[in-house]
Amino acid sequence: MHTELMRLPSRKEMVHHIITSFGRYWPKKGAVLSSLPIKECECAMTMCKPVLVSIDLPEWAANCGVGGALLIPSEACPGTGTPQWQEVDWWLAVFLLLEAWHERMWERAFGSVHSYSLRLKGWNGQIWDHAWANRIVLFLRRWSAHLHASPENELFGPLPEAEILMTHDVDAVEKTGAIRLKQSLFMGFNAFRAFFKGEWRRAGSNIKKMALFLSTGSSWWFFDEILALESAGAVRPCFNFSADDRPGTLKRLLFDPQYDLTEPRFIRLFEQLRARNALIGLHPTFDSWKSTELMEAQRLRLESACGVPVRISRQHWLRFAWESTLISLEKAGIELDTTLMFNDRPGFRASSALRWRPFNHESGKRYNIEILPSVLMDSHFYDYNPMTEKARRESISFWIREVESVRGQIALLWHPHTLSPDYGWKDGFMDVLACLGGEGSEKTLCT
Ligand SMILES: [Zn+2]
(Lines give C-alpha, C1' and ligand atoms only; values in the text may rest on other atoms or scores of the structure.)
Protein backbone atom coordinates (compact mmCIF):
# COMPACT_ATOMS: atom_id res chain seq x y z
CA MET A 1 0.00 0.00 0.00
CA HIS A 2 1.56 3.31 -1.02
CA THR A 3 0.63 6.89 -0.58
CA GLU A 4 1.87 10.39 -1.19
CA LEU A 5 5.11 11.10 0.66
CA MET A 6 5.06 13.26 3.76
CA ARG A 7 8.18 15.29 4.33
CA LEU A 8 10.22 14.18 7.33
CA PRO A 9 12.22 16.83 9.18
CA SER A 10 15.97 17.05 8.57
CA ARG A 11 18.18 14.81 10.67
CA LYS A 12 19.24 17.73 12.87
CA GLU A 13 15.64 18.83 13.42
CA MET A 14 14.55 15.28 14.16
CA VAL A 15 17.22 14.69 16.82
CA HIS A 16 16.57 18.10 18.36
CA HIS A 17 12.82 17.44 18.41
CA ILE A 18 13.26 14.12 20.22
CA ILE A 19 15.80 15.39 22.75
CA THR A 20 13.59 18.41 23.51
CA SER A 21 10.34 16.42 23.67
CA PHE A 22 11.80 13.90 26.12
CA GLY A 23 13.59 16.64 28.09
CA ARG A 24 12.17 15.34 31.37
CA TYR A 25 14.40 12.26 31.06
CA TRP A 26 17.56 14.40 31.19
CA PRO A 27 17.31 17.39 33.49
CA LYS A 28 20.97 17.96 32.63
CA LYS A 29 23.12 17.35 29.57
CA GLY A 30 20.49 16.09 27.10
CA ALA A 31 22.73 17.24 24.26
CA VAL A 32 25.15 14.39 25.07
CA LEU A 33 22.71 12.05 23.35
CA SER A 34 23.18 13.66 19.97
CA SER A 35 26.72 12.23 19.83
CA LEU A 36 25.53 8.60 19.99
CA PRO A 37 26.85 6.62 17.00
CA ILE A 38 23.42 6.04 15.46
CA LYS A 39 23.26 5.08 11.80
CA GLU A 40 21.10 7.19 9.52
CA CYS A 41 18.73 5.32 7.23
CA GLU A 42 18.29 6.66 3.74
CA CYS A 43 15.08 4.79 3.03
CA ALA A 44 11.99 6.68 1.92
CA MET A 45 8.74 6.52 3.83
CA THR A 46 6.31 4.90 1.47
CA MET A 47 4.17 2.53 3.54
CA CYS A 48 1.26 3.82 5.51
CA LYS A 49 0.85 0.53 7.36
CA PRO A 50 3.75 -0.07 9.76
CA VAL A 51 5.71 -3.30 9.65
CA LEU A 52 7.21 -3.97 13.07
CA VAL A 53 10.60 -5.52 13.68
CA SER A 54 11.82 -6.86 17.00
CA ILE A 55 15.33 -5.83 18.04
CA ASP A 56 17.17 -7.67 20.81
CA LEU A 57 18.90 -5.33 23.21
CA PRO A 58 22.34 -5.86 24.72
CA GLU A 59 22.31 -7.36 28.16
CA TRP A 60 23.15 -4.07 29.92
CA ALA A 61 19.98 -2.52 28.49
CA ALA A 62 17.67 -5.55 28.44
CA ASN A 63 15.14 -4.09 30.90
CA CYS A 64 14.54 -1.07 28.66
CA GLY A 65 12.73 -3.49 26.36
CA VAL A 66 9.91 -5.98 26.80
CA GLY A 67 11.40 -9.43 27.22
CA GLY A 68 14.77 -7.85 26.36
CA ALA A 69 13.61 -6.53 22.96
CA LEU A 70 12.14 -3.38 21.40
CA LEU A 71 9.69 -3.16 18.53
CA ILE A 72 10.49 -0.61 15.83
CA PRO A 73 9.05 0.27 12.41
CA SER A 74 10.92 -1.53 9.61
CA GLU A 75 11.90 1.77 7.93
CA ALA A 76 14.40 2.27 10.76
CA CYS A 77 16.34 -0.92 9.97
CA PRO A 78 16.54 -1.53 6.23
CA GLY A 79 18.12 -4.71 4.95
CA THR A 80 17.41 -8.36 5.36
CA GLY A 81 18.29 -10.94 7.98
CA THR A 82 18.13 -10.42 11.72
CA PRO A 83 18.94 -6.77 12.41
CA GLN A 84 21.38 -6.01 15.23
CA TRP A 85 20.73 -3.13 17.61
CA GLN A 86 23.85 -1.29 16.35
CA GLU A 87 22.34 -1.13 12.83
CA VAL A 88 19.10 0.52 13.82
CA ASP A 89 18.28 4.16 13.09
CA TRP A 90 16.92 4.77 16.57
CA TRP A 91 16.18 8.47 15.98
CA LEU A 92 13.98 7.62 13.02
CA ALA A 93 12.30 4.82 14.99
CA VAL A 94 11.38 7.16 17.87
CA PHE A 95 10.21 9.90 15.54
CA LEU A 96 7.94 7.66 13.46
CA LEU A 97 6.36 6.14 16.57
CA LEU A 98 6.01 9.30 18.66
CA GLU A 99 4.54 11.28 15.80
CA ALA A 100 2.20 8.44 14.73
CA TRP A 101 3.65 9.01 11.28
CA HIS A 102 2.09 5.93 9.72
CA GLU A 103 -1.34 6.86 11.00
CA ARG A 104 -0.93 10.34 9.56
CA MET A 105 0.01 8.79 6.22
CA TRP A 106 -2.95 6.43 6.46
CA GLU A 107 -5.23 9.41 7.14
CA ARG A 108 -3.91 11.14 4.03
CA ALA A 109 -4.68 8.07 1.97
CA PHE A 110 -8.01 6.95 3.45
CA GLY A 111 -9.32 9.76 5.68
CA SER A 112 -9.44 10.03 9.46
CA VAL A 113 -10.17 6.91 11.51
CA HIS A 114 -11.75 9.19 14.15
CA SER A 115 -10.15 7.15 16.87
CA TYR A 116 -11.33 3.64 15.92
CA SER A 117 -8.32 1.33 15.78
CA LEU A 118 -10.34 -1.22 13.79
CA ARG A 119 -10.44 1.22 10.89
CA LEU A 120 -6.66 0.82 10.65
CA LYS A 121 -7.23 -2.44 8.83
CA GLY A 122 -4.52 -5.05 9.02
CA TRP A 123 -2.36 -3.15 11.53
CA ASN A 124 -0.26 -5.03 14.04
CA GLY A 125 -1.79 -3.95 17.37
CA GLN A 126 1.49 -4.51 19.20
CA ILE A 127 2.45 -0.99 18.17
CA TRP A 128 -0.04 0.29 20.80
CA ASP A 129 0.71 -2.26 23.51
CA HIS A 130 3.66 -0.49 25.09
CA ALA A 131 5.14 2.99 25.31
CA TRP A 132 7.78 1.94 22.77
CA ALA A 133 8.99 5.46 22.06
CA ASN A 134 9.68 6.07 25.77
CA ARG A 135 11.43 2.71 26.03
CA ILE A 136 13.67 3.46 23.06
CA VAL A 137 14.63 6.85 24.46
CA LEU A 138 15.39 5.29 27.86
CA PHE A 139 17.57 2.80 26.01
CA LEU A 140 19.45 5.70 24.36
CA ARG A 141 19.99 7.23 27.80
CA ARG A 142 21.36 3.92 29.05
CA TRP A 143 23.58 3.48 25.97
CA SER A 144 25.03 6.95 26.33
CA ALA A 145 25.90 6.36 30.00
CA HIS A 146 27.42 3.01 29.01
CA LEU A 147 29.68 4.70 26.43
CA HIS A 148 30.72 7.35 28.93
CA ALA A 149 31.29 4.70 31.60
CA SER A 150 29.28 6.93 33.88
CA PRO A 151 26.20 6.19 36.05
CA GLU A 152 23.07 7.35 34.23
CA ASN A 153 21.85 9.54 37.06
CA GLU A 154 25.18 11.30 37.32
CA LEU A 155 25.27 12.06 33.62
CA PHE A 156 21.64 13.00 33.05
CA GLY A 157 20.08 13.52 36.48
CA PRO A 158 17.45 11.28 38.06
CA LEU A 159 14.41 10.03 36.16
CA PRO A 160 11.16 11.79 37.07
CA GLU A 161 8.15 10.10 38.63
CA ALA A 162 5.30 9.09 36.33
CA GLU A 163 2.54 11.70 35.94
CA ILE A 164 -1.01 10.41 35.55
CA LEU A 165 -3.97 12.75 35.08
CA MET A 166 -7.43 11.44 36.00
CA THR A 167 -9.99 12.99 33.68
CA HIS A 168 -13.78 12.93 33.47
CA ASP A 169 -15.71 13.87 30.34
CA VAL A 170 -19.10 15.07 31.51
CA ASP A 171 -21.41 13.59 28.88
CA ALA A 172 -24.60 13.51 30.94
CA VAL A 173 -25.76 14.57 34.40
CA GLU A 174 -29.20 13.01 34.24
CA LYS A 175 -31.24 10.54 32.27
CA THR A 176 -32.98 12.90 29.91
CA GLY A 177 -35.89 11.83 27.75
CA ALA A 178 -33.53 11.54 24.77
CA ILE A 179 -31.14 9.30 26.70
CA ARG A 180 -33.98 7.10 27.95
CA LEU A 181 -35.30 6.72 24.44
CA LYS A 182 -31.90 6.10 22.86
CA GLN A 183 -30.73 3.56 25.44
CA SER A 184 -34.00 1.66 25.69
CA LEU A 185 -34.18 1.36 21.90
CA PHE A 186 -30.61 0.07 21.91
CA MET A 187 -31.29 -2.44 24.68
CA GLY A 188 -34.64 -3.44 23.17
CA PHE A 189 -32.94 -4.06 19.84
CA ASN A 190 -30.29 -6.24 21.54
CA ALA A 191 -32.99 -8.22 23.37
CA PHE A 192 -34.92 -8.69 20.12
CA ARG A 193 -31.80 -9.88 18.29
CA ALA A 194 -30.85 -12.30 21.08
CA PHE A 195 -34.42 -13.62 21.16
CA PHE A 196 -34.38 -14.47 17.45
CA LYS A 197 -30.99 -16.12 17.80
CA GLY A 198 -32.46 -18.35 20.48
CA GLU A 199 -30.26 -16.79 23.18
CA TRP A 200 -33.05 -16.62 25.77
CA ARG A 201 -30.86 -15.80 28.71
CA ARG A 202 -29.23 -12.88 26.97
CA ALA A 203 -32.56 -11.61 25.73
CA GLY A 204 -33.90 -11.81 29.28
CA SER A 205 -30.92 -9.96 30.70
CA ASN A 206 -31.33 -7.18 28.14
CA ILE A 207 -35.01 -6.81 28.96
CA LYS A 208 -34.13 -6.68 32.66
CA LYS A 209 -31.52 -3.98 31.97
CA MET A 210 -34.02 -2.02 29.93
CA ALA A 211 -36.65 -2.22 32.69
CA LEU A 212 -34.07 -1.09 35.27
CA PHE A 213 -32.98 1.75 33.02
CA LEU A 214 -36.54 2.98 32.58
CA SER A 215 -37.61 2.55 36.19
CA THR A 216 -34.72 3.96 38.21
CA GLY A 217 -34.28 7.63 39.17
CA SER A 218 -33.07 10.20 36.75
CA SER A 219 -30.09 11.83 38.47
CA TRP A 220 -26.60 11.08 37.26
CA TRP A 221 -24.94 13.73 39.42
CA PHE A 222 -21.89 11.92 40.86
CA PHE A 223 -19.47 14.81 41.33
CA ASP A 224 -19.50 14.75 45.14
CA GLU A 225 -18.84 11.03 45.19
CA ILE A 226 -16.02 11.26 42.65
CA LEU A 227 -14.38 14.18 44.42
CA ALA A 228 -14.56 12.38 47.76
CA LEU A 229 -13.06 9.19 46.32
CA GLU A 230 -10.31 11.08 44.54
CA SER A 231 -9.34 13.32 47.42
CA ALA A 232 -8.96 10.20 49.57
CA GLY A 233 -6.44 9.01 46.99
CA ALA A 234 -4.82 12.45 46.61
CA VAL A 235 -5.75 12.52 42.90
CA ARG A 236 -6.16 15.93 41.24
CA PRO A 237 -8.90 15.44 38.65
CA CYS A 238 -9.78 17.23 35.45
CA PHE A 239 -13.45 17.57 34.45
CA ASN A 240 -14.24 18.31 30.81
CA PHE A 241 -17.56 20.03 30.11
CA SER A 242 -19.58 20.47 26.97
CA ALA A 243 -20.57 24.09 26.38
CA ASP A 244 -22.71 24.38 23.29
CA ASP A 245 -25.55 26.88 23.14
CA ARG A 246 -26.77 26.29 19.60
CA PRO A 247 -30.40 25.23 19.27
CA GLY A 248 -30.73 21.43 19.47
CA THR A 249 -31.18 19.38 16.33
CA LEU A 250 -32.04 15.67 16.35
CA LYS A 251 -28.41 14.83 15.61
CA ARG A 252 -27.13 16.98 18.45
CA LEU A 253 -29.77 15.55 20.77
CA LEU A 254 -28.53 12.05 20.00
CA PHE A 255 -24.79 12.69 19.81
CA ASP A 256 -23.93 15.57 22.13
CA PRO A 257 -24.25 16.17 25.87
CA GLN A 258 -27.40 18.08 26.80
CA TYR A 259 -27.08 20.17 29.95
CA ASP A 260 -27.20 23.84 30.80
CA LEU A 261 -24.10 25.27 32.46
CA THR A 262 -25.98 28.31 33.71
CA GLU A 263 -28.15 26.24 36.06
CA PRO A 264 -27.53 26.96 39.78
CA ARG A 265 -26.27 23.40 40.38
CA PHE A 266 -23.46 23.97 37.85
CA ILE A 267 -22.58 27.32 39.39
CA ARG A 268 -22.25 25.54 42.76
CA LEU A 269 -20.25 22.74 41.14
CA PHE A 270 -17.76 25.14 39.56
CA GLU A 271 -17.28 26.79 42.97
CA GLN A 272 -16.65 23.36 44.44
CA LEU A 273 -14.16 22.44 41.69
CA ARG A 274 -12.29 25.71 42.03
CA ALA A 275 -12.08 25.29 45.80
CA ARG A 276 -10.71 21.77 45.31
CA ASN A 277 -8.15 22.94 42.76
CA ALA A 278 -9.61 20.56 40.16
CA LEU A 279 -8.82 21.28 36.52
CA ILE A 280 -11.66 22.38 34.24
CA GLY A 281 -11.45 21.51 30.56
CA LEU A 282 -13.60 21.73 27.45
CA HIS A 283 -15.36 18.78 25.80
CA PRO A 284 -15.93 20.07 22.26
CA THR A 285 -18.99 18.74 20.46
CA PHE A 286 -19.19 15.85 17.97
CA ASP A 287 -19.12 18.15 14.95
CA SER A 288 -16.34 20.44 16.17
CA TRP A 289 -13.26 18.39 15.27
CA LYS A 290 -12.13 20.68 12.45
CA SER A 291 -13.81 23.92 13.42
CA THR A 292 -11.85 26.60 15.26
CA GLU A 293 -15.02 28.66 15.35
CA LEU A 294 -17.07 26.07 17.23
CA MET A 295 -14.22 25.20 19.59
CA GLU A 296 -13.56 28.81 20.42
CA ALA A 297 -17.23 29.70 20.98
CA GLN A 298 -17.60 26.68 23.26
CA ARG A 299 -14.38 27.46 25.14
CA LEU A 300 -15.49 31.03 25.79
CA ARG A 301 -18.92 29.90 26.91
CA LEU A 302 -17.38 27.45 29.37
CA GLU A 303 -14.99 30.11 30.66
CA SER A 304 -17.83 32.49 31.40
CA ALA A 305 -19.74 29.71 33.19
CA CYS A 306 -16.89 28.37 35.31
CA GLY A 307 -15.02 31.60 36.01
CA VAL A 308 -11.51 30.38 35.22
CA PRO A 309 -9.47 30.31 32.00
CA VAL A 310 -10.05 27.10 30.01
CA ARG A 311 -6.98 25.78 28.23
CA ILE A 312 -7.46 21.99 28.35
CA SER A 313 -9.70 19.83 26.18
CA ARG A 314 -10.75 16.42 24.95
CA GLN A 315 -12.92 15.91 21.87
CA HIS A 316 -16.31 14.27 22.48
CA TRP A 317 -16.30 10.72 21.00
CA LEU A 318 -12.56 11.27 20.50
CA ARG A 319 -13.39 12.81 17.12
CA PHE A 320 -9.95 13.65 15.82
CA ALA A 321 -7.99 14.04 12.59
CA TRP A 322 -4.26 14.73 12.49
CA GLU A 323 -4.79 17.11 9.62
CA SER A 324 -7.22 19.47 11.29
CA THR A 325 -8.04 18.94 14.96
CA LEU A 326 -4.79 20.06 16.59
CA ILE A 327 -4.45 23.19 14.54
CA SER A 328 -8.11 24.10 15.13
CA LEU A 329 -7.74 23.60 18.89
CA GLU A 330 -4.55 25.64 18.92
CA LYS A 331 -6.23 28.54 17.12
CA ALA A 332 -9.19 28.27 19.50
CA GLY A 333 -6.92 28.95 22.48
CA ILE A 334 -6.47 25.40 23.78
CA GLU A 335 -2.99 24.62 25.12
CA LEU A 336 -3.28 20.96 26.11
CA ASP A 337 -5.43 18.24 24.54
CA THR A 338 -6.00 14.69 25.81
CA THR A 339 -7.98 13.25 22.88
CA LEU A 340 -5.23 10.97 21.60
CA MET A 341 -6.53 7.45 22.36
CA PHE A 342 -8.72 4.86 20.63
CA ASN A 343 -12.43 4.39 21.24
CA ASP A 344 -12.37 0.64 20.79
CA ARG A 345 -9.31 -0.45 22.76
CA PRO A 346 -6.92 0.77 25.44
CA GLY A 347 -3.36 1.49 24.39
CA PHE A 348 -0.72 4.00 23.42
CA ARG A 349 -1.91 5.44 20.11
CA ALA A 350 1.43 7.19 19.55
CA SER A 351 3.41 4.35 21.16
CA SER A 352 4.28 6.78 23.92
CA ALA A 353 3.34 8.12 27.34
CA LEU A 354 4.56 11.68 27.01
CA ARG A 355 3.23 15.22 27.18
CA TRP A 356 4.78 16.87 24.17
CA ARG A 357 4.40 19.42 21.39
CA PRO A 358 3.91 17.31 18.26
CA PHE A 359 5.58 17.98 14.94
CA ASN A 360 3.32 19.66 12.40
CA HIS A 361 3.97 17.94 9.07
CA GLU A 362 2.28 20.76 7.17
CA SER A 363 4.40 23.61 8.53
CA GLY A 364 7.55 21.60 9.34
CA LYS A 365 7.52 23.11 12.86
CA ARG A 366 6.25 22.00 16.23
CA TYR A 367 2.67 22.84 17.19
CA ASN A 368 2.23 25.24 20.10
CA ILE A 369 -0.47 23.00 21.53
CA GLU A 370 0.67 20.05 23.66
CA ILE A 371 -0.76 16.56 23.56
CA LEU A 372 -1.12 14.49 26.69
CA PRO A 373 -2.21 11.09 25.34
CA SER A 374 -4.83 9.02 27.13
CA VAL A 375 -4.41 5.27 27.53
CA LEU A 376 -7.69 3.88 28.82
CA MET A 377 -11.35 4.64 29.49
CA ASP A 378 -14.29 2.90 31.14
CA SER A 379 -15.98 1.51 28.02
CA HIS A 380 -12.82 -0.36 26.97
CA PHE A 381 -13.45 -2.80 29.81
CA TYR A 382 -17.23 -3.06 29.49
CA ASP A 383 -18.91 -2.17 26.19
CA TYR A 384 -16.10 -2.98 23.80
CA ASN A 385 -14.63 -5.95 25.59
CA PRO A 386 -16.73 -7.29 28.44
CA MET A 387 -14.45 -9.13 30.85
CA THR A 388 -14.40 -10.73 34.26
CA GLU A 389 -13.61 -8.60 37.29
CA LYS A 390 -10.21 -10.19 37.62
CA ALA A 391 -9.32 -9.70 33.96
CA ARG A 392 -10.47 -6.08 34.11
CA ARG A 393 -8.36 -5.38 37.18
CA GLU A 394 -5.32 -6.96 35.56
CA SER A 395 -5.80 -5.07 32.34
CA ILE A 396 -6.18 -1.67 34.07
CA SER A 397 -3.11 -2.45 36.14
CA PHE A 398 -1.12 -3.46 33.05
CA TRP A 399 -1.62 -0.09 31.32
CA ILE A 400 -0.92 1.99 34.41
CA ARG A 401 2.17 -0.05 35.29
CA GLU A 402 3.56 0.46 31.80
CA VAL A 403 3.30 4.23 32.26
CA GLU A 404 4.92 3.99 35.68
CA SER A 405 7.72 1.74 34.52
CA VAL A 406 8.79 4.22 31.83
CA ARG A 407 8.20 7.19 34.16
CA GLY A 408 5.79 8.49 31.55
CA GLN A 409 2.93 11.00 31.39
CA ILE A 410 -0.62 9.96 30.53
CA ALA A 411 -4.32 10.71 31.07
CA LEU A 412 -7.05 8.25 32.08
CA LEU A 413 -10.77 8.73 31.40
CA TRP A 414 -13.76 7.71 33.49
CA HIS A 415 -17.19 9.17 32.60
CA PRO A 416 -19.06 10.29 35.75
CA HIS A 417 -22.46 8.94 34.64
CA THR A 418 -21.09 5.38 34.48
CA LEU A 419 -21.05 5.28 38.27
CA SER A 420 -24.85 4.97 38.09
CA PRO A 421 -26.61 1.63 38.65
CA ASP A 422 -27.70 1.93 34.99
CA TYR A 423 -24.12 1.34 33.90
CA GLY A 424 -22.70 -0.24 37.05
CA TRP A 425 -19.11 0.63 36.14
CA LYS A 426 -18.11 2.02 39.53
CA ASP A 427 -16.07 -1.12 40.29
CA GLY A 428 -13.73 -0.36 37.40
CA PHE A 429 -13.29 3.20 38.61
CA MET A 430 -12.36 1.88 42.04
CA ASP A 431 -9.86 -0.46 40.37
CA VAL A 432 -8.25 2.54 38.64
CA LEU A 433 -8.03 4.50 41.89
CA ALA A 434 -6.60 1.50 43.72
CA CYS A 435 -3.98 1.15 41.00
CA LEU A 436 -3.00 4.81 41.19
CA GLY A 437 -2.45 4.66 44.89
CA GLY A 438 -1.34 1.05 45.04
CA GLU A 439 1.95 -0.48 45.93
CA GLY A 440 3.92 -2.79 43.72
CA SER A 441 4.65 -0.42 40.82
CA GLU A 442 7.34 -1.74 38.57
CA LYS A 443 10.31 0.58 38.67
CA THR A 444 12.28 -1.54 36.27
CA LEU A 445 13.77 1.35 34.38
CA CYS A 446 14.77 3.37 37.40
CA THR A 447 18.50 3.46 37.94
ZN1 LIG B 1 -17.93 12.67 25.48
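Keep in mind it's a predicted model, so treat the numbers as computed, not measured.

Peer 1: So what's going on with the overall build of the chain? Which residues, and what values?
Peer 2: Tallying secondary structure elements over the chain gives 14 helices and 12 strands in all. Relative to the 2.2 N^0.38 estimate, which gives 22 Å for 447 residues, the radius of gyration of the chain is 23 Å and therefore close to what a compact globule would have. Counting only C-alpha atoms, the chain reaches 65 × 55 × 45 Å along its principal axes. Taking all 447 residues of the chain together, 43% fall into the buried category. Within the chain, contacts between residues at least 6 apart in sequence are counted, and of these 76% link residues at least 24 apart.

Peer 1: Break down the domain arrangement of the chain for me, citing the residues and quoting the values.
Peer 2: The domain boundaries assigned to the chain delineate domain 1 (11-156), domain 2 (163-174 + 221-437) and domain 3 (175-218). The C-alpha-based centres of domain 1 and domain 3 are spaced at 47 Å.

Peer 1: Please give an account of helix H11 (residues 292-306) that cites residues and values.
Peer 2: Taking 1.5 Å of rise per residue, the 15 residues of H11 would be expected to cover 21 Å, and the 21 Å separating its terminal C-alpha atoms lies within 8% of that figure. When H11 is considered as a whole, its buried residues turn out to be Met-295, Gln-298, Arg-299, Leu-302 and Cys-306. Buried positions in H11, seen along its axis, are confined to an arc of 105° and lie on one side of it. When the buried face of H11 is taken as reference, the exposed residues oriented beyond 90 degrees from it are Glu-293 and Ser-304. Buried residues belonging to H11 abut strand S4 (237-241), helix H10 (264-275), strand S5 (279-282) and helix H12 (325-331). A positive phi of about 80° marks Gly-307, the residue just after H11.

Peer 1: Could you give an account of the confidence of the model for the chain, with specific residues and numbers?
Peer 2: A residue-level look at the chain finds 96% of positions with pLDDT of 70 or above and a mean pLDDT of 91. Note that residues 439-447 has pLDDT below 50 and, in this model, 17 contacts with residues that lie over four places away or in other chains.

Peer 1: Can you break down the packing of helix H1 (residues 11-21) against helix H2 (residues 90-98) residue by residue, with the values?
Peer 2: Orientation of H1 relative to H2, taken along the N-to-C sense of each, is 65°, at an axis distance of 10 Å. The orientation of H1 relative to H2 falls into the category roughly perpendicular. As for how H1 packs across H2, the hand of that crossing is left-handed. Where H1 approaches H2, its residues Met-14, Val-15, Ile-18 and Ser-21 are matched on the opposing element by Trp-91, Val-94, Phe-95 and Leu-98.

Peer 1: I'd like to hear about the packing of helix H6 (residues 177-196) against helix H7 (residues 200-215), residue by residue, with values.
Peer 2: It is at 8 Å that the axes of H6 and H7 come closest, and there the two elements cross at 165°. In terms of axis orientation, H6 runs roughly antiparallel to H7. Two packed elements cross with a definite hand, and for H6 against H7 that hand is left-handed. Mapping the contact onto sequence places Arg-180, Gln-183, Ser-184, Met-187, Gly-188, Asn-190, Ala-191, Ala-194 and Phe-195 in H6 and Arg-202, Ala-203, Asn-206, Ile-207, Lys-209, Met-210, Phe-213 and Leu-214 in H7. Counted by class, the contact of H6 with H7 contains 9 nonpolar, 5 polar and 3 charged residues.

Peer 1: Help me get a handle on the pairing of strand S12 (residues 409-413), residues and values and all.
Peer 2: When you tally the buried positions in S12, you get 5 out of 5 residues, the bulk of the element. The alternating pattern of S12 places Gln-409, Ala-411 and Leu-413 and Ile-410 and Leu-412 on opposite faces, both of which are buried. Relative to S12, strand S3 (residues 163-170) runs parallel, the two being bridged by 5 bridges. Among the inter-strand pairings, Ile-164 is bridged to a residue of S12, identified as Ile-410. In terms of strand pairing, strand S11 (residues 374-377) meets S12 through 3 bridges, oriented parallel. Across the sheet, Leu-376 pairs through a bridge with Leu-412, a residue of S12. Handedness of the crossover joining S11 and S12 through helix H13 (residues 389-405): right-handed.

Peer 1: Pulling in residues and values, what's your account of unusual backbone geometry?
Peer 2: Phi is positive for Leu-318, which is not a glycine, with a value near 55°. Inspection of the secondary structure assignment puts Leu-318 in the loop between strand S6 (312-313) and H12. One non-glycine residue with positive phi stands out, namely Ser-351, at about 50°. You can see Ser-351 is positioned in the loop between strand S7 (336-337) and strand S8 (359-360). With 30 C-beta atoms counted inside 10 Å, the residue Ser-351 sits in the buried group.

Peer 1: Requested: an account of the environment of Met-47, with residues and values cited.
Peer 2: Summarising the element assignment, Met-47 is placed in the loop between H1 and strand S1 (52-56). Residue class for Met-47 comes out partly exposed when judged on the 16 C-beta atoms lying within 10 Å of it.

Peer 1: I'd love a proper account of the environment of Asn-190, names of residues and values included.
Peer 2: Here Asn-190 shows up in helix H6. In this structure the C-alpha to C-alpha distance between Asn-190 and Asp-431, which are 241 residues apart in sequence, comes to 28 Å.

Peer 1: Please give an account of H6 that cites residues and values.
Peer 2: With 20 residues, H6 should reach 28 Å at 1.5 Å per residue; the first-to-last C-alpha distance of 28 Å fits that figure. Ile-179, Met-187 and Ala-191 are the residues of H6 that are buried. Projected onto a plane normal to the axis of H6, the buried residues spread over an arc of 85° and lie on a single side. Those residues of H6 that are exposed and angled more than 90 degrees off the buried face are Gly-177, Leu-185, Phe-189 and Phe-196. Structurally, H6 contributes buried residues whose contacts are with H7.

Rules used in this analysis
Residues numbered from 1 in each chain as written. Predicted model: local features only at pLDDT ≥ 70, side-chain atom pairs only at ≥ 80, totals over all residues. Helix = DSSP H or I, 4+ residues; strand = E, 2+ residues; numbered from the N terminus. Rg over C-alpha atoms; globule rule 2.2 N^0.38 Å. Buried ≥ 20, exposed ≤ 12 C-beta atoms within 10 Å, placed from the backbone. Contact = placed C-beta atoms within 7 Å. Domains from an automatic or database assignment. Expected span 1.5 Å × (residues − 1). Arc of directions from axis to C-beta. pLDDT = per-residue confidence, 0-100. Axes fitted to C-alpha atoms, helices over the stretch in contact; angles between N-to-C directions. Parallel < 35°, antiparallel > 145°, perpendicular 65-115°, else oblique. Left-handed = near helix turned anticlockwise from the far one by under 90°. Nonpolar A, V, L, I, M, F, W, Y, C, P; charged D, E, K, R; others polar. Pairing = 2+ DSSP bridges. Right-handed = clockwise from strand over helix to strand, strands pointing away.

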